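Coordinate analysis (summary)
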Amino acid sequence: MSFSLSEEGLAELDRLLSRYPDRAAAVLPALHLVQSEHGHVPDEAIAWVAERVGLSPAHVEGVATFYTLFERRPRGRHHLQICRNLSCSLMGAEALVAHVSAKLGIRPGETTPDGMFTLSVVECLGSCGTAPVMQVGDAYHENLTVEAVDALIDRLRAEG
Amino acid sequence: MPNLTINGVAVSVPEGTTILSAAKQVGIHIPHYCYHTHLSVAGNCRMCQVEVEKFPKLQTACSTVATEGMVVRTDTEAVRKAVRGALEFLLIHHPIDCPICDQAGECGLQDYYMTVGLHKSRYPLGDKIHKKKVQDAGSGIVLDAERCILCSRCVRFLEEVTGTRELQFFRRGDHSEISFFPGRPIDNHYAGNLADICPVGALTSRDFRFRCRVWFLKSAESICTGCARGCNIEAHFHEGVLYRYKPRVNDAVNRAWMCDFGRMEYRKANEARLLAPFVRENGVEKEMPWGALMPQVAQRLSDAVRTHGADTVAVIASPQLSNEELFLVRHFASDLLGTMNLAFTRRAPEDGFSDDFLIHPDKNPNSAGARLLGIPGEEAFHAVAGRISRGEIRALVIFGNVLGAFSEKGTLELLSKAPFIVQVGTNEGVVSRAAHAVLPSASFVERGGTFVNCDGRLQRFRAGFAPRGKARNTIEILVDLGNRLGAGWSFSGEESVFRALSRSEAPFRGMTYGSIGSLGREVKR
Ligand code: SF4
Ligand code: SF4
Ligand code: FES
Ligand code: FES
């Protein structure tokens with residue numbers, strides 16, 4: 001199997017595995033580790049992790065696909081996550097999603113052909129007071145309007 | 001022993017019994033999908049909800065333990081409503097493709113829709129979520145994820161019984177889907193059980209699919225002939241064709257399971273059957289009626305004894321035969337022919353495969369029975385084979401189709417040394433290609449009898465239907481032939497033979513078909 005982690009990643013995994021009485025308990029942190037290095041969890045990583053934590057590949061795939069924060073496919077350089085829960089919806093999230101969809105020519109869950117943007121709709125980001133909210137990478141963009149989103153996307157595209 | 005009432009019926013059950021099992025004891029069926037007698041409790045389908053007095057909410061009967069003084073009701077409006085609701089949820093994304101589903105007729109969804117559902121679908125057809133259909137899931141299992149109700153029986157089976165863990169739920173919510181990791185399909189020797197335990201048409205058997213609608217099938221209690229374990233099974237047949245085996249629960253032998261090799265043994269009742277008696281004259285097969293053939297065979301055997309001595313005749317038995325048949329074979333050889341040349345030879349293990357669960361290395365159902373009845377095994381067989389190869393045997397009676405570990409060529413070479421060979425057998429094979437008289441016998445679903453398994457358990461199998469073609473019951477053949485040699489036997493049917501056997505053979509003394517029952521019992525040792 002060709003998959004592996006960087007040397008630091010491997011060291012971190014060893015540390016994680018030794019932390020739990022049952023290796024299987026390390027499955028979530030192990031998947032996080034994979035995703036932080038690769039941007040997503042590739043197919044080969046599933047069997048690789050399974051072997052290390054002592055679960056079947058099917059079991060690890062079940063875990064990796066249950067939690068929506070794990071990406072099983074490569075995503076774009078910028079991941080636009082628009083909240084669609086109650087407060088954000090009241091404050092116009094739906095229109096925002098429609099606008100971004102049209103602007104980028106992709107539906108939620110899809111990535112632009114140039115690999116620049118992936119659009120997702122997500123549940124409450126815990127920032128209802130500043131709805132509507134969009135998370136890009138680790139940053140929150142709050143009190144959004146169509147204009148603000150346009151400007152943001154243009155800036156991200158210019159930065160490459 | 002807690003005492004409780006269910007729908008007003010009093011029942012007392014051992015400590016730890018669930019409401020669902022307690023209800024079963026008094027004949028009250030509580031609907032269930034995820035619950036399985038031989039798997040851990042999951043409590044996820046919510047079909048088994050019942051009302052328990054003093055509990056504020058409905059309880060799942062599969063996971064609630066019966067306690068003293070409990071008052072349970074399964075027939076109230078609240079229960080009906082909840083269960084109907086649970087079923088409606090389970091059916092929301094179901095494709096309702098019963099007409100092209102092989103589970104139809106034995107499907108939990110159909111059954112409970114008729115008994116507790118009968119609701120109108122409130123979900124727009126176009127909103128149904130589609131999932132992968134007709135996937136090759138490996139090991140002869142076909143997976144239709146759309147029909148799955150996520151009961152997790154298959155997941156638990158692969159975790160708790162085989163430990164191979166190939167199936168899992170992927171994704172979540174209404175996108176949850178049962179599947180295997182790409183490139184890692186189901187791969188174990190017990191996969192056929194998955195099609196049995198899946199309550200719906202999500203996991204079906206590639207072998208059985210679309211061959212017969214299940215409502216045509218009739219069933220006979222039987223024992224697998226695939227190895228010495230003697231798994232308890234049901235044989236399902238229709239119009240003289242055997243279609244499949246299903247395991248029958250016996251906690252002393254196979255619990256609720258059987259292996260995939262044994263499951264395919266049913267084919268032997270259908271394929272390459274010997275269906276009419278024939279003789280081989282100068283290498284040419286000629287069909288002959290029983291009435292004409294039997295006197296000839298008897299004549300040849302007694303001639304051989306008279307002219308050349310009983311030492312020149314030999315009988316080779318098979319541990320594929322029942323105790324009843326072996327008992328007659330022994331008398332036939334020792335008393336009627338008067339020969340010492342009697343041995344059984346085993347079907348050589350096809351791949352010698354065994355495991356630490358059910359699969360036994362001896363690929364015969366009744367080696368233990370043959371030994372208990374005093375029929376010598378492999379060593380004696382080699383002695384007999386030696387005599388045949390030296391041309392000392394003038395007449396040979398062979399039951400079955402194999403001679404130990406002899407290759408096909410070796411068998412033919414050996415048999416060419418005997419001037420007269422009679423075969424009593426069910427399937428065509430190397431022996432029937434060499435025998436001078438072939439007497440076709442009933443398959444294991446066309447006759448009844450008993451076997452003794454590897455643990456010394458005496459178990460009974462029953463005939464499903466009459467022998468195919470002109471084949472006859474082996475007991476009938478033996479009695480016919482024996483009487484022509486002066487036996488004076490009046491046996492008719494296996495039970496009458498068993499009565500005689502249980503009188504004279506110590507390990508079986510005092511036993512009756514009644515006392516064997518459908519789950520068997522240990523022989524005396
Ligand atoms: S495939 Fe069958 S047994 Fe497995 S979870 Fe689905 S319905 Fe249950
Ligand atoms: S374990 Fe033996 S007896 Fe049981 S099903 Fe398999 S072959 Fe038949
Ligand atoms: S609803 Fe959008 S952040 Fe809470
Ligand atoms: S049978 Fe009780 S919840 Fe499924």
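Residues numbered from 1 in each chain as written. Chains lettered and ligands numbered in written order. Predicted model: local features only at pLDDT ≥ 70, side-chain atom pairs only at ≥ 80, totals over all residues. Heavy atoms only, no water.

Here the focus is the overall build of chain A. A tally of helices and strands in chain A yields seven helices and four strands. Of the regular secondary structure in chain A, the N- to C-terminal order runs α-α-α-α-β-α-α-β-β-β-α. With the C-alpha coordinates of chain A rotated into their principal frame, the extents come out at 50 × 30 × 25 Å. Sequence separation of 24 or more characterises 61% of the internal contacts of chain A that already satisfy a separation of 6 or more. Of the side-chain charges in chain A, 13 are positive and 21 negative, and the distance between the mean point of each set is 2 Å. (Helix = DSSP H or I, 4+ residues; strand = E, 2+ residues; numbered from the N terminus. Contact = heavy atoms within 4.5 Å. Lys, Arg positive; Asp, Glu negative; His and termini not counted. Charge placed at Lys NZ, Arg CZ, Asp CG, Glu CD.)

On to the site of ligand 2, then. Neighbouring ligand 2 are the residues Cys224(B), Gly226(B), Cys227(B), Arg229(B), Gly230(B), Cys231(B), Met258(B), Cys259(B), Gly262(B), Leu358(B) and Ile359(B). Tallied by class, residues from the shell around ligand 2 come to seven nonpolar, three polar and one charged. (Near = heavy atom within 4 Å. Nonpolar A, V, L, I, M, F, W, Y, C, P; charged D, E, K, R; others polar.)

We now examine the environment of Gly309(B). Checked against the element boundaries, Gly309(B) lands in the loop between helix 7 (290–308) and strand 16 (313–317). Distance in space between the C-alpha atoms of Gly309(B) and Leu337(B) is 9.5 Å, their sequence separation being 28 residues.

With that settled, consider the interface of chain A and chain B. It is common to give the size of an interface as the accessible area lost on bringing the parts into contact. Taken residue by residue, the interface counts 14 residues in chain A and 10 residues in chain B. Together, Ala58(A), Thr65(A) and Phe66(A) form the three largest contributors to the area buried by chain A at its contact with chain B, with a combined 39%. Counting across the interface, chain A meets chain B through zero salt bridges. Taken together, chain A and chain B are joined by three residue pairs in polar contact (both at pLDDT 80 or more). Elements supplying a minimum of two residues to the side of chain A that touches chain B: helix 3 (43–53) and helix 4 (57–66) of chain A. (Buried area = accessible area lost by both parts, 1.4 Å probe. Salt bridge = Lys/Arg side-chain N within 4 Å of Asp/Glu carboxyl O. Polar contact = N/O pair within 3.5 Å; in protein donor to acceptor, adjacent residues only side chain to side chain.)

We now examine the pattern of salt bridges. A side chain with one charge may pair with a side chain of the opposite charge, provided their charged atoms come close. All names here are of chain B. Enumeration over the complete set of coordinates arrives at 44 salt bridges over all chains. For Arg-147, the salt bridge identified is with Asp-97, shortest N-O distance 3.0 Å. In this pair, Arg-147 sits in the loop between strand 7 (141–143) and helix 4 (153–160) while Asp-97 sits in the loop between helix 2 (77–91) and helix 3 (108–117), placing the two residues 50 residues apart along the sequence. Considered together, Arg-147 and Asp-97 belong to a single accessibility category, that of buried residues. If you follow the salt bridges from partner to partner, you end up with Asp-97, Lys-133, Asp-144, Glu-146 and Arg-147 in one network. (Buried < 20%, exposed > 50% of the residue type's maximum accessible area, 1.4 Å probe, protein only.)

This next bit is on unusual backbone geometry. Note the cis peptide between Ala131(A) and Pro132(A), where omega equals -5°. Relative to the assigned elements, Pro132(A) resides in the loop between strand 2 (117–122) and strand 3 (134–136). Phi at Leu150(B) is positive, roughly 60°, even though this residue is not glycine. The backbone of Arg165(B) shows a phi angle near 55°, a positive value even though the residue is not glycine. Counting through the fold element by element, Arg165(B) comes out in the loop between helix 4 and strand 8 (167–170).

Aromatic ring pairs are reported here in terms of the distance separating the ring centres and the angle at which the planes meet. All names here are of chain A. Under the criterion given, the structure shown has 15 aromatic pairs over all chains. With a centroid separation of 6.5 Å and 85° between ring planes, the pair formed by Tyr-67 and Phe-70 is classed as edge-to-face. Relative accessible area serves as the criterion here: at 36%, Tyr-67 is assigned to the partly exposed category. By relative accessible area, Phe-70 is classed as buried at 6%. Grouped by ring-pair contacts, the aromatic residues Phe-66, Tyr-67 and Phe-70 constitute a single cluster. (Phe/Tyr/Trp six-rings, centres within 6.5 Å; stacked < 30°, edge-to-face > 60°.)

All names here are of chain A. Together, Leu-86, Leu-90 and Met-91 give the surface a local cluster of nonpolar side chains, amounting to about 370 Å² of exposed area. Here Leu-90 is to be found in helix 5 (residues 86–90). Leu-90 gets classed as exposed once you look at its relative accessible area, which sits at 68%. (Patch = residues over 30% accessible without salt bridge, like charges linked within 9 Å, V, L, I, M, F, W, Y side chains within 5 Å. Areas by Shrake-Rupley, 256 points an atom, 1.4 Å probe, with all protein chains shown as cover.)

This paragraph deals with the pairing of strand 8 of chain B. Pairing between strand 8 of chain B and strand 9 (residues 177–180) of chain B: four bridges, direction antiparallel. Looking at the pairing, Phe170(B) lines up with Glu177(B) of strand 9 of chain B. (Pairing = 2+ DSSP bridges.)

Time to look at the domain arrangement of chain B. Split into domains, chain B comes out as domain 1 (3–91) and domain 2 (278–351 + 367–522). Computed from C-alpha coordinates alone, the two centres of domain 1 of chain B and domain 2 of chain B are separated by 53 Å. (Domains from an automatic or database assignment.)

Residue and element names in this part refer to chain A. Checked against the element boundaries, Cys-124 lands in the loop between strand 2 and strand 3. For Cys-124 and Cys-83, which are 41 residues apart along the polypeptide, the C-alpha to C-alpha distance reads 5.8 Å. Setting aside residues no more than four positions away along its own chain, Cys-124 makes contact with Cys-83 and Asn-85.

This part is about the sheet that holds strand 21 (residues 449–452) of chain B. All names here are of chain B. Strands sit in the order 21-22-23 across an open sheet of three strands; the sheet is antiparallel. Two strands close off the open sheet at either side, each with one partner strand: strand 21 and strand 23 (521–522). Lying over the sheet, helix 8 (residues 323–337) contacts strand 21 and strand 22 (457–461), oriented at roughly 90° with respect to strand 21. (Axes fitted to C-alpha atoms, helices over the stretch in contact; angles between N-to-C directions.)

It is worth spelling out the nonpolar core at this point. Residues and elements named next belong to chain B. With 56 residues, the main nonpolar core has Tyr-33, Met-47, Leu-194 and Leu-242 as its most contacted residues. Secondary-structure elements contributing two or more residues to this core are helix 2, helix 3, strand 7, helix 4, strand 9, helix 5 (192–197), strand 12 (232–238) and strand 13 (241–247). In terms of residues, this core owes the most to one element, helix 2, which gives six residues. With sequence-adjacent residues up to four places away left out, Met-47 is seen in contact with Pro-31, His-32, Tyr-33, Val-83, Ala-86, Leu-87, Leu-90, Tyr-112 and Val-116. (Core = buried A, V, L, I, M, F, W, Y, C linked by side-chain atoms within 4.5 Å.)

Residues and elements named next belong to chain B. Strand order in the open sheet made by the three strands is 6-7-10, with antiparallel pairing throughout. Edge strands, defined here as strands with exactly one partner in the open sheet, are strand 6 (135–136) and strand 10 (203–205). Across two bridges, strand 6 lies against strand 7 in antiparallel orientation. Opposite Asp-136, over in strand 7, you have Val-142 as the bridge partner.

Glancing now at the packing of helix 2 (residues 27–38) of chain A against helix 3 of chain A. Residues and elements named next belong to chain A. Helix 3 packs onto helix 2 with a crossing angle of 145° between their chain directions and a minimal axis gap of 10 Å. Seen from above, helix 2 lies across helix 3 with right-handed handedness. Residues Val-27, Ala-30, Leu-31 and Val-34 of helix 2 pack against Ala-45, Val-49 and Val-53 of helix 3. (Left-handed = near helix turned anticlockwise from the far one by under 90°.)

Next up on the list: the packing of helix 1 (residues 7–19) of chain A against helix 3 of chain A. Residue and element names in this part refer to chain A. One can describe the packing of helix 1 onto helix 3 by two numbers: an axis separation of 11 Å at closest approach and a directional angle of 40°. It follows from the interaxial angle that helix 1 and helix 3 lie oblique. Here helix 1 runs over helix 3; the crossing is right-handed. Taken together, the residues of helix 3 that come into contact with helix 1 (itself represented by Leu-10, Leu-13 and Leu-17) are Trp-48, Arg-52 and Val-53. (Parallel < 35°, antiparallel > 145°, perpendicular 65-115°, else oblique.)

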